[in-house]
Amino acid sequence: QMQLVESGGGLVQAGGSLRLSCAASGRTFGIYSMGWFRQAPGKERDFVAAIRWNGGSTYYADSVKGRFTISRDNSKNTVYLQMNSLKPEDTAVYYCARFKHGGTGSSVANEYDYWGQGTQVTVSS
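For the structure given in this document, a descriptive report is provided here. (Residues numbered from 1 in each chain as written. Predicted model: local features only at pLDDT ≥ 70, side-chain atom pairs only at ≥ 80, totals over all residues. Heavy atoms only, no water.)

1. Brief notes about the packing of aromatic side chains
Under the counting rule described, the total for this entry stands at seven aromatic pairs. Relative to Phe-47, the ring of Phe-37 lies with its centre 5.6 Å away and its plane at 75°, an arrangement referred to as edge-to-face. One end of the pair, Phe-37, is in strand 4 (residues 34–39); the other, Phe-47, is in strand 5 (residues 45–51), and ten residues separate them in sequence. Look at Phe-47 and you get buried, because its relative accessible area is 10%. Considering the side-chain rings of Phe-99 and Tyr-112, the 5.2 Å spacing of their centres and the 55° angle between planes classify their relative orientation as tilted. Of the two residues, Phe-99 sits in strand 9 (residues 92–99) while Tyr-112 sits in strand 10 (residues 112–115), which places them 13 residues apart along the sequence. Here Phe-99 matches Tyr-112 in class, with each residue buried. (Phe/Tyr/Trp six-rings, centres within 6.5 Å; stacked < 30°, edge-to-face > 60°. Helix = DSSP H or I, 4+ residues; strand = E, 2+ residues; numbered from the N terminus. Buried < 20%, exposed > 50% of the residue type's maximum accessible area, 1.4 Å probe, protein only.)

What follows is the structure in structure tokens.
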């Protein structure tokens, strides 16, 4: 079992920045790769970024590459998503999730088994 709690969302103007955090319970956080997804109203849940269990590799959706950075601190059981140069189309609920397989992670939501409750990010134009 793992509980995930996201924080750091909010309202920001276009071009601004936010840093999301996802705190995990339990002692096994450091052996799992983690991912961030987002879901806008009326849309599918989309992959944003993933990071290997040891932080050694990362993987991004094309829509956020160069603007977002995923990182983790295994000593704090936390994964982060630094979001810069935000655009109105980044508005969504952002979720972190645990990747249930080996490797860095994937863009497929059903390959993740534990999810947080989400945090709202709203980017105004």
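More follows now that the structure is in view.
2. Re the environment of Ala-92
Mapped onto the fold, Ala-92 is located in strand 9. Overall, the relative accessible area of 3% leaves Ala-92 in the buried class. On a C-alpha basis, the gap between Ala-92 and Ala-50 in space is 17 Å, while along the polypeptide they are 42 residues apart. With residues up to four places along the chain from it excluded, the contact list for Ala-92 reads Arg-38, Gln-39, Ala-40, Thr-119, Gln-120 and Val-121. (Contact = heavy atoms within 4.5 Å.)

Honestly, that's just the spatial picture; any functional story needs more than this.
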